[in-house]
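Secondary and tertiary structure notes
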Amino acid sequence: MTLTLFRIDERLLHGQVIVGWGMRLGIDYYVVVDDELAASEWEQDIYGAGLPEQTKVEFVTTEQAIERFQQLDSLPGRGALLTRGTGEMRTLAESGVLAGRRVNLGGLHATSERRRVLTYVHLTQEEAGDLEAIQAASTGVTARDLPAGKEVDLQDLIDDLE
Amino acid sequence: MSEVRGIVVAHGHLARCLAETTESISGILGAIQPISNADCSPEILVKRIREAVDGGRVIVFVDLDSGSCCHAARSVCRGVPEVPVVSGVNVPMLLDFVFHRDMEPVELARRLVSKGQSGVVAHLPGFSS
């Protein structure tokens, strides 16, 4: 198992992930699971720019991530798998590939449909349902923006939403 | 021809601090519009940048080349000719910017990268330049 971080963060590959998590965990490669990005070379160029030297990134669709999970999970070095939203991670979880893994909830920002539960997490009821489904199919979901931050259990987030 | 406007897109309070610092040193007011990525989704950040660019003579500055501000700025400016995005924004770069806003944006962006880089110097103990 070389994928050491599974993170939901709508900014995907950004400073907090690359520097805050990536440098702390020594991440060698990122797997970005996003159907739209997987089909857009120019957006991949933008997201891939600024990665540390030697750090690799692969953009795959949700379907490809499930099909190729064993291979993506056995690449040399330590990896991080990122999704933009809860829905993609739920699809991965319900396929069974996240069994025994913990999912980190990072940035989901304010919109008119979401309610704030943490400074960096805002959720709709549908997203909360996705997270509960992910939790049921993995070893758990916790929110934490940075490694040094306080880890918050999913149930506490859901309680705040209700 | 109108002067080039600067838009600084950065994390937290940084954009506002950079704009205010540049104004306080140069005395030139209103040349730089700060935009923060704090508490906003990528879609909202893109919308804010697009509204600020508004088809004018503009340079967009961002703090971190790999950050969400840069992603959003490059997404907006990809379809807008003659609007450069310059990453690694710092005070020396912005000070030079406010005094050369009559230049063409692309030419000015090249100049500002050089100015920004030359403003980063290690003054090491025991060595004199």
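As a starting point, this report considers the structure included with it. Note that the structure is a prediction, hence the values are computed from the model and not measured.

About the cut-offs
- Residues numbered from 1 in each chain as written.
- Chains lettered and ligands numbered in written order.
- Predicted model: local features only at pLDDT ≥ 70, side-chain atom pairs only at ≥ 80, totals over all residues.
- Heavy atoms only, no water.
- Helix = DSSP H or I, 4+ residues; strand = E, 2+ residues; numbered from the N terminus.
- Rg over C-alpha atoms; globule rule 2.2 N^0.38 Å.
- Contact = heavy atoms within 4.5 Å.
- Areas by Shrake-Rupley, 256 points an atom, 1.4 Å probe, with all protein chains shown as cover.
- Lys, Arg positive; Asp, Glu negative; His and termini not counted.
- Charge placed at Lys NZ, Arg CZ, Asp CG, Glu CD.
- Salt bridge = Lys/Arg side-chain N within 4 Å of Asp/Glu carboxyl O.
- Buried < 20%, exposed > 50% of the residue type's maximum accessible area, 1.4 Å probe, protein only.
- Buried area = accessible area lost by both parts, 1.4 Å probe.
- Nonpolar A, V, L, I, M, F, W, Y, C, P; charged D, E, K, R; others polar.
- Pairing = 2+ DSSP bridges.
- Core = buried A, V, L, I, M, F, W, Y, C linked by side-chain atoms within 4.5 Å.

Some thoughts on the overall build of chain B
Along its length, chain B carries five helices and four strands. A compact globule built from 129 residues should have a C-alpha radius of gyration of about 14 Å, and chain B, at 15 Å, falls within 12% of that. Considering only C-alpha atoms, chain B reaches an extent of 50 × 35 × 25 Å along its principal axes. Restricting to contacts in chain B with at least 6 residues of sequence separation, those with at least 24 account for 70%. About 6600 Å² of surface is accessible on chain B, with carbon and sulfur atoms providing 54% of the total. For chain B, the distance from the average position of its 12 positive side-chain charges to the average position of its 14 negative side-chain charges is 3 Å.

Structural notes on the pattern of salt bridges
Residue and element names in this part refer to chain A. Taken as a whole and assessed by the stated rule, the structure comprises 13 salt bridges over all chains. Between R114 and E127 there is a salt bridge, and its shortest N-O distance comes to 2.8 Å. Of this pair, R114 sits in the loop between β5 (102-105) and β6 (115-118) while E127 sits in helix α7 (residues 125-136), and the two are 13 residues apart along the sequence. Here R114 matches E127 in class, with each residue buried. Taken together, the shared-partner salt bridges in this structure form one network comprising E10, R114 and E127.

Quick notes on the interface of chain A and chain B
Counting from both sides, the interface comprises 16 residues of chain A and, opposite them, 15 residues of chain B. Taking both partners together, chain A and chain B bury about 1400 Å²; carbon and sulfur atoms supply 56% of that area. In terms of residue count, the dominant contributor to the side of chain A that touches chain B is helix α3 (residues 41-48) of chain A (four residues). Class assignment of the residues belonging to the side of chain A that touches chain B gives a composition of eight nonpolar, five polar and three charged.

Quick word on the environment of E20 of chain B
By the element assignment, E20 of chain B lies in helix α1 (residues 14-26). Counting along the chain gives 61 residues from E20 of chain B to P81 of chain B, while the straight-line C-alpha distance between them is 28 Å.

Points about the environment of A15 of chain B
All names here are of chain B. Following the sequence through the fold, A15 ends up in helix α1. Distance in space between the C-alpha atoms of A15 and I32 is 9.3 Å, their sequence separation being 17 residues. Setting aside its immediate chain neighbours within four residues, A15 contacts V8, A10, P34 and I35.

Observations concerning the pairing of strand β8 (residues 140-143) of chain A
Residue and element names in this part refer to chain A. Every second residue of β8 is oriented toward a common face, with G140 and T142 on one face and V141 and A143 on the other, all of them buried. Across four bridges, β5 lies against β8 in parallel orientation. Following the sheet pairing, L105 is matched in β8 by A143.

Brief notes about the nonpolar core
In this structure, L81, M89, L98 and L105 of chain A are the most contacted members of the largest nonpolar core, which totals 34 residues. In terms of residue count, the dominant contributor to this core is helix α8 (residues 154-161) of chain A (four residues). Setting aside residues up to four positions removed in sequence, L98 of chain A forms contacts with F6, F69, M89, L92, A93, V103, A137 and S138 of chain A. Among the nonpolar cores identified, the runner-up in size contains 21 residues, and L18, L94, F97 and L108 of chain B belong to it.

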